[in-house]
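# Coordinates in review
Now for the letters of each chain:
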Amino acid sequence: MTAWNILCDFDGTISVEDVIDSLLDRFGRPGWEALEQDWRAGRIGSRECMSGQVDLLDMSRSQLDKHLEGLWIDHAFPAFVARTRELGAPIRVVSDGLDYAIHKILGRYGLDDLPLAANHLAPAEPPRQWQLTSPFQAEGCRSGTCKCACVAQARSGGAKTLLIGDGASDFCAADRVDFVFAKHRLIEHCRAAGIPYVPITGFEDALELLPRLLDGSLLAEHARPVPAAAAG
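Residues numbered from 1 in each chain as written. Predicted model: local features only at pLDDT ≥ 70, side-chain atom pairs only at ≥ 80, totals over all residues. Heavy atoms only, no water.

### A closer look at the overall build of the chain
Along its length, the chain carries 12 helices and 7 strands. Since a compact globule built from 232 residues should have a radius of gyration of about 17 Å, the 18 Å found for the chain is in line with a globular shape. The C-alpha extent of the chain, read off along each of the three principal axes, is 65 × 40 × 30 Å. Taken over 232 residues, the chain has a buried fraction of 50%. Of all intrachain contacts in the chain linking residues separated by at least 6 positions in sequence, the fraction that spans at least 24 positions is 61%. Surface exposure of the chain reaches about 11000 Å², of which carbon and sulfur atoms provide 52%. Charge centroids of the chain, computed over 23 positive and 32 negative side chains, lie 3 Å from each other. (Helix = DSSP H or I, 4+ residues; strand = E, 2+ residues; numbered from the N terminus. Rg over C-alpha atoms; globule rule 2.2 N^0.38 Å. Buried < 20%, exposed > 50% of the residue type's maximum accessible area, 1.4 Å probe, protein only. Contact = heavy atoms within 4.5 Å. Areas by Shrake-Rupley, 256 points an atom, 1.4 Å probe, with all protein chains shown as cover. Lys, Arg positive; Asp, Glu negative; His and termini not counted. Charge placed at Lys NZ, Arg CZ, Asp CG, Glu CD.)

### Brief notes about the sheet that holds strand β5 (residues 160-165)
Judged by pairing direction, the sheet is mixed, and its 7 strands sit side by side in the order β4-β3-β2-β1-β5-β6-β7 without closing on themselves. Since the sheet does not close on itself, it has two edges, and those belong to β4 (130-133) and β7 (197-199), each with one partner. The mean inter-strand angle of the sheet, taken between neighbouring strand axes irrespective of direction, is 25°. Where helix α6 (residues 99-107) meets the sheet, it contacts β2 (91-98) and β3 (116-123), and its direction lies at approximately 110° from that of β3. (Pairing = 2+ DSSP bridges. Axes fitted to C-alpha atoms, helices over the stretch in contact; angles between N-to-C directions.)

### Re the pairing of β2
Counting buried positions along β2 gives 8 out of 8 residues, so the element sits mostly inside the fold. When β2 meets β3, the two strands line up parallel, connected through 3 bridges. Across the sheet, residue Val94 finds its bridge partner in β3, namely Ala117. Considered for its hand, the β-α-β crossover made up of β2, α6 and β3 is right-handed. (Right-handed = clockwise from strand over helix to strand, strands pointing away.)

### Structural notes on the pattern of salt bridges
When the charged atoms of two side chains with opposite charge come close together, those side chains can pair. In the structure shown here, the tally under the stated rule is 11 salt bridges. With a shortest N-O distance of 2.7 Å, Asp170 and Lys147 are connected by a salt bridge. Linking Asp170 in the loop between β5 and α8 (171-174) with Lys147 in helix α7 (residues 147-155), this pair joins segments that are 23 residues apart in sequence. By relative accessible area, Lys147 is classed as buried at 3%. (Salt bridge = Lys/Arg side-chain N within 4 Å of Asp/Glu carboxyl O.)

### Comments concerning helix α10 (residues 203-214)
Helix length check: α10 (12 residues) gives 16 Å between terminal C-alpha atoms against 16 Å at 1.5 Å per residue, within 8%. Listed as buried for α10 are Phe203, Ala206, Leu209, Leu210, Leu213 and Leu214. Considered in projection along α10, the buried side chains sweep an arc of 135° and stay on one side of the axis. Turned more than 90 degrees off the buried face of α10, the exposed positions are Glu204 and Glu208. Those residues of α10 hidden inside the fold are in contact with β1 (4-8), α5 (77-87), β5, β6 (179-182), β7 and α11 (217-221). Gly216, located one to two residues past α10, shows a positive phi value of around 95°. (Expected span 1.5 Å × (residues − 1). Arc of directions from axis to C-beta.)

### Here's the deal with the nonpolar core
Formed by 57 residues in total, the largest nonpolar core has its most connected members in Phe77, Leu106 and Phe181. Of the residues forming this core, the biggest block, 6 residues, is contributed by α10. If sequence neighbours within four positions are ignored, Phe77 has contacts with Cys8, Ile14, Ile91, Leu106, Leu111, Leu114 and Phe203. In this structure, Val151, Ala173, Val177 and Cys190 belong to the second largest nonpolar core, which totals 17 residues. (Core = buried A, V, L, I, M, F, W, Y, C linked by side-chain atoms within 4.5 Å.)

### So, the packing of aromatic side chains
One pair of aromatic rings is described through two measures. These are the centre distance and the angle between the planes. Under the defined criterion, the tally for this structure stands at 3 aromatic pairs. An angle of 70° between the planes, with centres 4.9 Å apart, marks the rings of Phe77 and Phe203 as edge-to-face. One end of the pair, Phe77, is in helix α5; the other, Phe203, is in helix α10, and 126 residues separate them in sequence. With respect to class, Phe77 is no different from Phe203; both count as buried. Relative to Phe181, the ring of Phe179 has its centre 6.1 Å away and its plane inclined at 90°; by these criteria the two rings are edge-to-face. For the pair Phe179 and Phe181, a shared accessibility class is recorded, and that class is buried. Here a set of aromatic residues connected by ring pairs shows up, and it is made of Phe77, Phe80 and Phe203. The lysine or arginine in question, Arg108, covers the ring of Trp72, its NZ or CZ lying 4.8 Å from the ring centre. (Phe/Tyr/Trp six-rings, centres within 6.5 Å; stacked < 30°, edge-to-face > 60°. Lys NZ or Arg CZ within 6 Å of the ring centre and 35° of its normal.)

### Thoughts on the environment of Lys183
Here Lys183 is to be found in the loop between β6 and α9 (185-193). In this structure Lys183 comes out as buried when scored by relative accessible area, which is 7%. Sequence-wise, Lys183 and Thr201 are 18 residues apart; in three dimensions their C-alpha atoms are separated by 6.2 Å. Sequence-distant contacts of Lys183, defined by excluding residues within four places in its chain, comprise Gly12, Thr13, Gly165, Asp166, Ile200 and Thr201.

Given below as structure tokens:
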């Protein structure tokens, strides 16, 4: 059986909704929408956008914790993690979101021990309440968490790499992995770029597909076509 490492996005993939969007909708001071528009237009990267938006969060720690208690994950994700552990396929959460929120949410399911690469949320000096740092950024990358660097690290030992994701923060990494379980916008990106993938609606699908990925049959079914010149 081929060795695989699994990299999994959090917001909208593991979690049912995007955590930072829900926080901004509830606690964001005016100005965060303009940053969002600049990011969507490509004028700024996600790291600059998120850092500016976190500066505008007007909430106490107790308000943050209470809000996070109302956010949920895909109901089949705990079973998926258990299965990856049974099959010896390491899984790491790679997110352009907030480490504090991810640990708090996963902790309710006994999963806060999962390896995590994400932006770091911490209290700030007044008058700001919160600040964002990006320990997993990389030179030349405008994201808070460089998922491409996470892919390179996962591949360094020779194992194949699976990405599970849903949106724009996963596009670059999807180009560099061996296979993708794709949701939402990532489906069209993989289709257009010719990336080997299968669409999923959630982790029930991923759980069903995992054995076929690990035994090689799924990759064989969806392998990239070999150009005629290269083949012959």
